[in-house]
Amino acid sequence: MLIDNDLTVVDTSNLKNTTINGTLIHVGNTTQTGDMTNHTGNLDITGNLTVTGTNAYFQNIRIVNNQIFTSTTNSNLI
C-alpha cells in the first residue's frame, strides 16, 4: 500500500515493515515492545530518563551496579 498524502490515525494501528520518509509527529504515550537495537542520529530527551536494570552504557561512560566507569581518561560526566 502506498500513502502519499497526510494520514491521521485516531485509534490503534499496527504498522509492520514501515518506512517513513519525512517527519513523524506522535502525540500521546508510546509503548515499545521488543528490542530497539539500532538508532542512527541524535536522540534528544527533555525531562527525566529512567533506566530499569543495573547497567547503563554511554559512549565513554558506563554505570554498572551503581558504580561509574570511564573508558577514556578525563571523560566528562556532566
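Higher on the page you've got the structure.
Cut-offs applied
In every chain, residue numbers begin from 1 and rise along the written sequence. Under the rules for a predicted model, residues below a pLDDT of 70 receive no local features and side-chain atom pairs below 80 are neither given nor counted, while totals for whole chains, interfaces and linings still include all residues. The side-chain figures draw on all heavy atoms in the structure; neither hydrogens nor water molecules are used. In this text, helices come from DSSP runs of H or I with a minimum length of four residues, and strands from runs of E with a minimum of two, each type numbered from the N-terminal end. Only C-alpha atoms enter the radius of gyration, while the globule expectation follows 2.2 Å times N to the 0.38, with N the number of residues. Summary of the burial criterion: residues with accessible area below 20% of their type's maximum are buried, those above 50% are exposed, and those between are partly exposed, where the area comes from a 1.4 Å probe applied to protein chains only. Strand pairing is assigned whenever DSSP detects at least two bridges linking the two strands. A patch consists of residues whose relative accessible area exceeds 30% and which take part in no salt bridge; residues with like charges are grouped when within 9 Å of each other, and nonpolar side chains (Val, Leu, Ile, Met, Phe, Trp, Tyr) when within 5 Å. To measure how exposed things are, a 1.4 Å probe is used in the Shrake-Rupley method; for residues, cover is taken only from the protein chains shown. Here, a salt bridge means any side-chain nitrogen of Lys or Arg that lies within 4 Å of a carboxyl oxygen of Asp or Glu. Lines fitted to the C-alpha atoms define the axes, with helices restricted to the stretch that makes contact. Angles between their N-to-C directions range from 0 to 180 degrees.

Participant: Can you explain the overall build of the protein chain? Please cite residues and give values.
Facilitator: Along the protein chain, the regular secondary structure elements total zero helices and three strands. Tracing the protein chain from N to C terminus, the helices and strands come up as β-β-β. Relative to the globule expectation of 12 Å for 78 residues, the C-alpha radius of gyration of the protein chain, 18 Å, shows a markedly less compact shape. Here the protein chain holds 78 residues, and the buried ones make up 5% of them.

Participant: Go over the pairing of strand E2 (residues 61-64), please, and point to the residues and values.
Facilitator: Here is the key point about a regular strand: its side chains alternate between the two faces of the sheet. Pairing between strand E1 (residues 55-57) and E2: three bridges, direction antiparallel. Counterpart to Ala56 in the pairing with E2 is Ile63. Between E1 and the antiparallel strand that follows it, E2, lie three residues. Taken together, the four bridges between E2 and strand E3 (residues 67-70) define a ladder with antiparallel strand orientation. Within E3, the residue paired with Arg62 across the bridge is Phe69. With antiparallel pairing between neighbouring strands as the criterion, E2 and E3 make up a hairpin whose turn holds two residues, including Asn65 at a positive phi of roughly 50 degrees.

Participant: If you had to explain a nonpolar patch on the surface to someone new, which residues and values would you point to?
Facilitator: Where nonpolar side chains cluster on the molecular surface, the patch consists of Leu43, Ile45, Leu49, Val51, Phe58, Ile63 and Ile68 and spans about 680 Å² of accessible area. In this fold, Ile45 is placed in the segment before E1.

Participant: Could you give me a rundown of unusual backbone geometry, with the residues and numbers involved?
Facilitator: Across the chain, the bulk of peptide bonds are trans and the bulk of non-glycine residues have phi less than zero. For Asn17, which is not a glycine, the phi torsion comes out positive at approximately 50 degrees. Take Asn17: it is sitting in the segment before E1. Here Asn17 falls in the exposed class, since its relative accessible area comes to 82%. In this model, Asn66 sits at a positive phi of 70 degrees, which is unusual for a non-glycine residue. According to the relative accessible area criterion, Asn66 is exposed, its value standing at 76%.

Participant: Tell me about the sheet that holds E3, and please be specific about residues and values.
Facilitator: As summarised here, the arrangement of the three strands in space is E1-E2-E3, forming an open sheet in which the pairing is antiparallel. Bordering the open sheet on either side are E1 and E3, each of which pairs with just one other strand. Recorded for the sheet is a direction-independent mean angle of 15 degrees between the axes of neighbouring strands.

Participant: Explain the environment of Gly53 to me, and be specific about the residues and the numbers.
Facilitator: The residue Gly53 is located in the segment before E1 in this model. Note on Gly53: relative accessible area 61%, which makes it exposed. In this structure, the C-alpha to C-alpha distance between Gly53 and Ile68, residues 15 residues apart in sequence, is 15 Å.

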